[in-house]
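This is what each chain is made of:
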Amino acid sequence: MSLRERQRNQIRADIQRAAFTLFADKGFDQVTTEQIAATAGISPSTYFRHVRSKEDLLLDPVREGGAGITGLLEARPDTEPADIALAQAILERSTGLAAAEVEQWRDAFRTAPQLLDRVALITPDHRERLIELVAQRMSCDAETDSRPGLLVHLMLAAAEFGYLQWLGNTRNRGASLPVCVEGALTAVHGERWRG
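A. Just the overall build of the chain, in detail. The helix and strand inventory of the chain stands at 10 helices and 0 strands. Ordered by position in the sequence, the α and β elements of the chain form the string α-α-α-α-α-α-α-α-α-α. Projected onto its principal axes, the C-alpha coordinates of the chain cover approximately 60 × 45 × 25 Å. A buried classification covers 43% of the 195 residues belonging to the chain. Summarising the internal contacts of the chain: among those between residues at least 6 apart in sequence, 68% fall at separations of at least 24. Carbon and sulfur atoms make up 52% of the accessible area of the chain, which totals about 10400 Å².

What follows is the structure, given as structure tokens:
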């Protein structure tokens, strides 16, 4: 990664941290882009060079999940059964984020839950790639065998349920994202996907 890319990533991270703090403290709708820029220590024009909208600050981490899951599944051992490999890739993506950042994102997101309806957990392209990878592990053709597609859809639905359970968990802050996601994924995998 070049120095310029690292600097861009650092500015974007600073903007995101500032926004999450402000959203959690004041509420998403009450925070302006100017306030975010000032808290991040940058000008509004710099803010808009790095961020399209304040909604993207909350939604981009979700949007990036599909690429992460796909890459992690590709890296799993070839000998691992499809259901275990997919569950582990999803779980690894959920645990690959720093706990403090995840909690900060959750606190910020709780002030704008309506935004979750605007984003899919995974893009259609990433979903199709996951189905291809799962079909390879199951030694079948996804065009004629519905099991790979069904497994991918069920695992992603379980992961989304885990995320939503974690996002909505206001009483027990001890239930971490990985615990919620793993519990949901465990309900899906099993011997029925092997053989």
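On we go.
B. Region of interest: the packing of helix 9 (residues 147-168) against helix 10 (residues 177-186). Across the interface, helix 9 lies against helix 10 with an axial gap of 8 Å and an inter-helix angle of 145°. Crossing of helix 9 over helix 10 shows right-handed handedness. Contact residues: Met155, Ala158, Ala159, Phe161, Gly162, Tyr163, Gln165 and Trp166 in helix 9; Leu177, Cys180, Val181, Ala184 and Leu185 in helix 10. Its residues placed into classes, the contact of helix 9 with helix 10 shows 11 nonpolar, 2 polar and no charged.

Definitions and cut-offs
Residues numbered from 1 in each chain as written. Predicted model: local features only at pLDDT ≥ 70, side-chain atom pairs only at ≥ 80, totals over all residues. Heavy atoms only, no water. Helix = DSSP H or I, 4+ residues; strand = E, 2+ residues; numbered from the N terminus. Buried < 20%, exposed > 50% of the residue type's maximum accessible area, 1.4 Å probe, protein only. Contact = heavy atoms within 4.5 Å. Areas by Shrake-Rupley, 256 points an atom, 1.4 Å probe, with all protein chains shown as cover. Axes fitted to C-alpha atoms, helices over the stretch in contact; angles between N-to-C directions. Left-handed = near helix turned anticlockwise from the far one by under 90°. Nonpolar A, V, L, I, M, F, W, Y, C, P; charged D, E, K, R; others polar.

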